[in-house]
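Listed below, chain by chain, are the residues.
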Amino acid sequence: MDENGDKIWERKYWILPMNDSIMLIGSSKDENGWKINLIQVNNESEVLEKKALVNGVIFDVVSAEKGILLAGEHDREFYVA
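The shown structure was predicted, so the numbers you read here are calculated from the model rather than taken from an experiment.

Undergrad: For this particular structure, what's the right way to read the sheet that holds strand E6 (residues 67-74)?
TA: The strands making up a sheet associate through backbone hydrogen bonding, with each pair oriented either parallel or antiparallel. Taken in spatial order, the 3 strands line up as E5-E6-E7 in an open sheet, and their pairing is antiparallel. Looking along the sheet, the strands with just one partner apiece sit at the ends: strand E5 (57-64) and strand E7 (77-80). Between one strand axis and the next, the sheet turns by 5° as a mean value, whatever way the strands run. One ladder, built from 7 bridges, connects E5 with E6; its direction is antiparallel. Its bridge partner lying in E6, Asp-60 is registered against Ala-71.

Undergrad: I tried to follow the pattern of salt bridges on my own but got confused; where do I start?
TA: Close approach of charged atoms allows side chains of opposite charge to pair. For the structure on display, the rule yields 1 salt bridge. Two residues, Glu-49 and Lys-51, come together in a salt bridge whose shortest N-O distance is 3.3 Å. What makes Glu-49 partly exposed here is its relative accessible area of 30%. Assessed through its relative accessible area of 40%, Lys-51 is described here as partly exposed.

What counts as what
Residues numbered from 1 in each chain as written. Predicted model: local features only at pLDDT ≥ 70, side-chain atom pairs only at ≥ 80, totals over all residues. Heavy atoms only, no water. Pairing = 2+ DSSP bridges. Helix = DSSP H or I, 4+ residues; strand = E, 2+ residues; numbered from the N terminus. Axes fitted to C-alpha atoms, helices over the stretch in contact; angles between N-to-C directions. Salt bridge = Lys/Arg side-chain N within 4 Å of Asp/Glu carboxyl O. Buried < 20%, exposed > 50% of the residue type's maximum accessible area, 1.4 Å probe, protein only.

So this is what it looks like as structure tokens:
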């Protein structure tokens, strides 16, 4: 936030436990817009994988029996992946 209390940027991540690691999935905004991010860390907090997937926003993440469902916005379209 700036000195007036206005939001400059925000970041929100979902934390999903995996077999022997943790997956952090979320959106972050900077001067170039929103990006969907993925960060995987092991049980010792070492980063195993870190990448920006695509431009867009994640609204919700659900861990399902056969994988992970993402719901959000990409290129001004709603998606579920």
